[in-house]
Amino acid sequence: MDVFLQQLVNGLTIGSLYALVALGYTMVYGVMKLINFAHGDLVAFSAFAGLTIYTQLFDDGTTSLVAVVSVFAFTAAVIAVVGVLLERLAYRPLRTAPRLSAVVSALGAGLVIQNAIMLIWGPNMKIFPSDLLPSTVYEVGGVVFTFTQVMILGFSSVLMVALFMFINRTKMGTAIRAVAIDQDAARLMGINVNRVIMLIFIIGSALGAVAGLFLGIYYRGISFDMGWQYGLNAFVAAIIGGIGNIPGAMAGGLLLGLFNAMISGYFSSQWAEAFTFILLIVILIFRPTGIFGEKVAEKV
Amino acid sequence: MKNITLTTKIAIGFMLVMGLYPLFADSAWLAIGTTFLVYACVAFSQDIILGRAGAFNMGHALFFGLGAYATAILNVHFGWPILATWIPAVLLPVAVSVLFIGPIIHLRGDYLLVATIGLNIIFLQLLENDIFGLTGGPNGIFGIDVIEVFGVALFSQTYMYYLAFILLAITLFIMRSLDGSKFGRAMFYINKDEVAAQSMGISIRFHKLYAFALGAGIAGAAGSMFAVQYSAVSPEAFSVIQSIMFFTIVLVGGSASLPGVLIGTFVMFVLPEIFREFEEARYLVFGIAMILTMILRPRGIWPVKFGNIPEFLKKGVK
């Protein structure tokens, strides 16, 4: 039972990070019908950028709330700018092109970001400082969890609820949903589609940046090619939840995190990735558009 | 041969150049040439699935790897002669494609894409975890024999080159015949408009799976050749990154276009060999080139002119 509860906590932690990254995939897909393969590398980029921002600007030997919040805010802003640039340079010229051209462009953009990280920070693993968040450890009923885990769970839940409210309750959120359903009709209604797409990239990249920083703080070691691994897992989470579906991405992320943790806890971590995809394929066989995906009629 | 078209002329020219290439190349360039021929076969087999049938397959290295590992395991562990391993190296990928792609072939594009990535990753983990003690784990398998024909060992680079050349010639022949065949035409219609094709009585599922099986078989044969060329196999040659390369080759070159796929293979595999000295920034430039190519030529460098519509249908159509 202890193993179960422990893996439950670990799984929810990593699952909520998958969910944050999955939101970036699912929102871009929902609006542009494009798999943004560069998103995972953007997450890796945020971990490196955040580390540099912290060590250059705020590392004065003491941990302060202001420093941590500033690091997160700075990183999110930087990555949001990169995300908007990505859309502007690599995706916008291809909006009317065949769908797969944009996929190749996304793969190319991922390659560019990954190698830019390697050229800037070097090919070796970088280590996050341990003093960014307090290293307090709690123990409740035999289950050990850290302050970092609490922060990850708390902060990502807040972000997800905020995003859900934003999409469903505000005017801008309505515009996003309208563009996701039909771009042309939304344009006729006076919605600035380009601005909505820009907003999608800002939100998605900022959420990815938060996830990237937390990944660095949680695992400590970061490498230039880590984006591929986490990105792919998050993408699978988005697919499991039904890509394009925002609550689906959150649920998919948590589900995948839990599943991964249970496989690692009870079976073997060597096979974790294979089981991730076995789960995905089994789900797709029974629900071809993901668990929360709607039945979409083929466009004629 | 009354009217020889431009493509036929280009094809004959290409085959002549490739056939005479070993006379001018030193051994390093001969090895690059051999690799080019093998990868071109794989790229063509991917083109059958992605370019012609329009099924988003991003796990093609799986079939390539199955062929390579079939040859390696049967030769090293069970002592089969190389020529005999060619049959399972083709049949195993075909069987795997039917068994594992069959249940998911109906998935919509992007879902199929991620499911095929998944199959590739599962395959890779089987290799890396040394399943049944056969695959040699992360190191792979070394010491694959050379091909023997009537007791003569074909070990020199030139022999390798010509074996790969024969393989490419066979592949090209299959690709050409495909255009004129009933199956090839059906695939063209499926790719153009699935719903319309279905209403004409074309079975989408059957044809897509057929494309997968055919593509997997050719990729397996190329994989076997790959294993013999390097006399070793290891998992990283069949990773998802390689699958993405094959996916990109077809789309950068021009899907369903024979010269396009050859150019794609050249750009993605031979150019990086030539620019090896700029090791560090090579892939950065590469990524930028991928984006620029797609922006400037969204249908690929050498797109197919008017699909593979049969001649008699072109009359009256602009």
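Quick notes on the rules
Residue numbers restart at each chain and count upward from 1, following the sequence in its written direction. For naming, the first written chain is A and the first written ligand is 1, with later ones following in the order written. Local features in this predicted model are restricted to residues whose pLDDT is 70 or higher, and side-chain atom pairs enter the listing and the counts only when it is 80 or higher, whereas totals over whole chains, interfaces and linings include all residues. The side-chain values count all of the structure's non-hydrogen atoms but skip hydrogen atoms and water molecules. UniProt positions are given in the numbering used here, feature names are shortened, and annotations may be inferred rather than shown by experiment. A run of DSSP states H or I qualifies as a helix once it reaches four residues; a run of E qualifies as a strand once it reaches two. Both are numbered from the N-terminal end. For every accessible area listed, the method is Shrake-Rupley and the probe measures 1.4 Å; residues are considered covered only by the protein chains on display. The charge count treats Lys and Arg as positive and Asp and Glu as negative. His and the chain ends do not count. Taken as the charge location is NZ of Lys, CZ of Arg, CG of Asp or CD of Glu. Nonpolar core, defined: a set of buried Ala, Val, Leu, Ile, Met, Phe, Trp, Tyr and Cys residues in which side-chain atoms within 4.5 Å join the residues together. The classification of residues rests on relative accessible area computed with a 1.4 Å probe and restricted to protein chains. Under 20% of the type maximum is buried, over 50% is exposed, and intermediate values are partly exposed. The contact rule is simple, with two residues in contact once any of their heavy atoms fall within 4.5 Å. Any two of the Phe, Tyr and Trp rings considered here, Trp counted by its six-membered ring, make a pair once their centres fall within 6.5 Å; the pair's planes then place it as stacked at under 30 degrees, edge-to-face at over 60, or tilted in between. DSSP-based pairing: two strands are paired if at least 2 bridges between them are found. A carboxyl oxygen of Asp or Glu within 4 Å of a side-chain nitrogen of Lys or Arg is what we treat as a salt bridge. Note on geometry: axes are C-alpha line fits, over the in-contact stretch for helices, and angles between N-to-C directions span 0 to 180 degrees. Relative orientations are named as follows: roughly parallel for angles under 35 degrees, roughly antiparallel for angles over 145 degrees, roughly perpendicular for angles from 65 to 115 degrees, and oblique for any other angle. For a crossing to be left-handed, the near helix must be turned anticlockwise from the far one by less than a right angle; the clockwise case is right-handed. Summed over both partners, the accessible area lost on bringing two parts together, with a 1.4 Å probe, is the buried area. Within 3.5 Å is the distance limit for a polar contact, defined as a pair of N or O atoms, with the added protein rule that one can donate a hydrogen and the other accept it, and that residues adjacent in sequence qualify only through two side-chain atoms. Each residue carries a pLDDT value, the predictor's own confidence for that position, ranging from 0 to 100. A helix is expected to span 1.5 Å for every residue after the first. Under the grouping applied here, Gly and all other residues not named as nonpolar or charged are polar, the nonpolar ones being Ala, Val, Leu, Ile, Met, Phe, Trp, Tyr, Cys and Pro and the charged ones Asp, Glu, Lys and Arg.

In the nomenclature of an unreviewed UniProt entry, chain B corresponds to Branched-chain amino acid ABC transporter permease from the organism Sulfurospirillum tamanense. Regarding chain B, the relevant UniProt record gives this comment under Subcellular location (unreviewed entry): "Cell membrane".

With an unreviewed UniProt entry as reference, chain A is termed Branched-chain amino acid ABC transporter permease, source organism Sulfurospirillum tamanense. UniProt, in its Sequence similarities (unreviewed entry) section for chain A, records the words "Belongs to the binding-protein-dependent transport system permease family. LivHM subfamily." Regarding chain A, the UniProt comment filed under Subcellular location (unreviewed entry) reads as follows: "Cell membrane".

Q: Is there a simple way to think about the overall build of chain B in this case?
A: Within chain B one finds 13 helices and four strands. Overall size of chain B, expressed as C-alpha extent along the three principal axes, is 60 × 45 × 45 Å. Looking at chain B as shown, the accessible area adds up to about 14,400 Å², and 69% of this sits on carbon and sulfur atoms. Placing the 18 positive and 16 negative side-chain charges of chain B at their respective mean positions leaves the two points 21 Å apart.

Q: Help me understand the nonpolar core, please; the structure alone is not making it clear to me.
A: Within soluble globular proteins, side chains that are nonpolar generally end up buried alongside one another. One finds Tyr-91 and Leu-163 of chain A together with Met-58, Phe-64, Val-233, Phe-238 and Phe-247 of chain B to be the most contacted residues of the largest nonpolar core, which totals 199 residues. Once residues lying within four places of it in the same chain are set aside, the contact partners of Phe-64 of chain B are Val-38, Tyr-39, Val-42, Ala-219, Ala-222, Gly-223, Phe-226, Ala-237, Phe-238 and Phe-246 of chain B. Judged by nonpolar contacts, the second largest core, of five residues, contains Ile-190, Ala-197, Ile-202 and Ile-204 of chain B.

Q: I would appreciate a short explanation of the UniProt feature "transmembrane region" (unreviewed entry) in chain B in the present structure.
A: Residues and elements named next belong to chain B. UniProt's feature table lists "transmembrane region" (unreviewed entry) at residues 7–24, 61–80, 86–104, 111–127, 159–178, 209–232, 244–271 and 283–302, given in the numbering used throughout. As annotated, residues 86–104 has a helix share of 84% and a strand share of 0%, and its two end C-alpha atoms lie 28 Å apart. Across residues 209–232 one finds 92% helix and 4% strand; the C-alpha atoms that close the span lie 31 Å apart.

Q: What am I meant to see in the packing of aromatic side chains here?
A: Note on aromatic pairs: each is described by the distance of the centres and the angle between the planes. As enumerated under the stated definition, the model contains 31 aromatic pairs over all chains in all. Ring geometry for Phe-155 of chain A against Phe-214 of chain A: centres 6.1 Å apart, planes inclined by 75 degrees, an arrangement best described as edge-to-face. Of this pair, Phe-155 of chain A sits in helix 5 (residues 147–169) while Phe-214 of chain A sits in helix 8 (residues 193–219), placing them 59 residues apart in sequence. Aromatic rings pair up to connect Tyr-39, Phe-64, Tyr-69, Phe-226, Tyr-230, Phe-238, Phe-246 and Phe-269 of chain B into one cluster.

Q: I tried to follow the pairing of strand 2 (residues 137–140) of chain A on my own but got confused; where do I start?
A: The two faces of a sheet get side chains in turn, since along a regular strand they alternate between them. Examined bridge by bridge, strand 2 of chain A and strand 3 (residues 143–146) of chain A share four bridges and lie antiparallel to one another. Of the residues in strand 3 of chain A, the one forming a bridge with Val-137 of chain A is Thr-146 of chain A.

Q: Whenever I open this one, the pattern of salt bridges confuses me. Can you help?
A: Side-chain pairing between opposite charges can occur once the charged atoms of the two side chains come close. All names here are of chain A. Scanning the entire structure with this criterion turns up six salt bridges over all chains. Linking Arg-92 and Glu-87 is a salt bridge whose minimum nitrogen-to-oxygen distance equals 3.3 Å. A relative accessible area of 21% places Arg-92 in the partly exposed class. Taking relative accessible area as the criterion, Glu-87 reaches 1% and is therefore assigned buried. One salt-bridge network, held together by shared partners, links Glu-87, Arg-92 and Arg-95.

Q: Just to check I follow, could you spell out the packing of helix 5 of chain A against helix 10 (residues 246–266) of chain A for this structure?
A: How two helices sit against one another is set out by the angle between their axes and by the gap between those axes. Residue and element names in this part refer to chain A. Packing of helix 5 against helix 10 brings their axes to within 10 Å, and their N-to-C directions diverge by 165 degrees. By the angle between their axes, helix 5 is roughly antiparallel relative to helix 10. You can see that helix 5 and helix 10 cross each other, and the crossing is left-handed. For the pair helix 5 and helix 10, the contacting residues are Met-160, Leu-163, Phe-164 and Ile-167 in the first and Ile-246, Pro-247 and Met-250 in the second.

Q: Would you mind going over the interface of chain B and chain A with me for this structure?
A: Quite often, the size of an interface is put as the accessible area lost when its parts meet. Counting residues at the interface gives 42 residues for chain B and 48 residues for chain A. With both chains or domains summed, chain B and chain A bury close to 3,800 Å², and 78% of this area falls on carbon and sulfur atoms. Here chain B and chain A share one salt bridge between them. Arg-99 of chain A is paired through a salt bridge with Asp-110 of chain B; the nearest N and O atoms lie 2.7 Å apart. At the junction of chain B and chain A, the tally comes to eight residue pairs in polar contact (both at pLDDT 80 or more). Within the residue set of the side of chain B that touches chain A, elements represented by two or more residues are helix 5 (109–128), helix 10 (240–253) and helix 12 (282–296) of chain B.

Q: How should I be thinking about the UniProt feature "transmembrane region" (unreviewed entry) in chain A in this particular structure?
A: Within this structure's numbering, the places UniProt gives as "transmembrane region" (unreviewed entry) are residues 12–30, 64–86, 98–122, 142–167, 196–219, 231–259 and 271–292 of chain A. A helix fraction of 68% and a strand fraction of 0% characterise residues 271–292 of chain A, whose end C-alpha atoms lie 26 Å from each other.

Q: Help me out: how do you make sense of the confidence of the model for chain B in this one?
A: One rule of thumb: low pLDDT means the predicted coordinates there are not for detailed reading. For chain B, mean pLDDT is 84; residues scoring 70 or higher make up 92% of the total. The least confident element of chain B, judged by mean pLDDT, is helix 13 (residues 311–314) of chain B at 52; the most confident is helix 3 (residues 61–76) of chain B at 93.

Q: Just to check I follow, could you spell out the side chain of Thr-276 of chain A for this structure?
A: Position of Thr-276 of chain A relative to the elements: it lies in helix 11 (residues 272–286). With sequence-adjacent residues up to four places away left out, Thr-276 of chain A is seen in contact with Asn-233, Val-236, Leu-256, Phe-259 and Asn-260 of chain A.

Q: Is there a simple way to explain helix 6 (residues 157–180) of chain B in this structure?
A: One full turn of an α-helix is made of 3.6 residues, so residues set three or four places apart face in the same direction. Taking 1.5 Å per residue as the helical rise, helix 6 of chain B with its 24 residues ought to reach 34 Å, and the 35 Å between its terminal C-alpha atoms agrees with that figure. Every buried residue of helix 6 of chain B is accounted for by Met-160, Tyr-161, Leu-163, Ala-164, Phe-165, Leu-167, Leu-168, Thr-171, Leu-172, Met-175 and Leu-178 of chain B.

Q: Just checking my understanding: could you explain helix 9 (residues 226–241) of chain A for this structure?
A: Residues and elements named next belong to chain A. Taking 1.5 Å of rise per residue, the 16 residues of helix 9 would be expected to cover 22 Å, and the 23 Å separating its terminal C-alpha atoms lies within 8% of that figure. Among the 16 residues in helix 9, 14 count as buried, and that is most of the element. One or two steps after helix 9, the chain reaches Gly-242, where phi turns positive at roughly 95 degrees.

Q: Where do I start with the packing of helix 2 (residues 27–52) of chain B against helix 10 of chain B in this structure?
A: Residues and elements named next belong to chain B. Interaxial distance between helix 2 and helix 10 falls to 9 Å at its minimum, and their mutual angle equals 70 degrees. Between helix 2 and helix 10, the angle falls in the class roughly perpendicular. The residues of helix 10 that touch helix 2, namely those facing Tyr-39, Val-42, Ala-43, Gln-46, Asp-47, Leu-50 and Gly-51, are Gln-242, Phe-246, Phe-247, Ile-249, Val-250 and Leu-251. Residues belonging to the contact of helix 2 with helix 10 are distributed by class as follows: nine nonpolar, three polar and one charged.

Q: Got a minute to help me understand the confidence of the model for chain A in this structure?
A: Considering every residue of chain A, the mean pLDDT works out to 89; 96% of them sit at 70 or more. Looking across chain A, the model is least confident in strand 2 of chain A, with a mean pLDDT of 84, and most confident in helix 8 of chain A, with 94.

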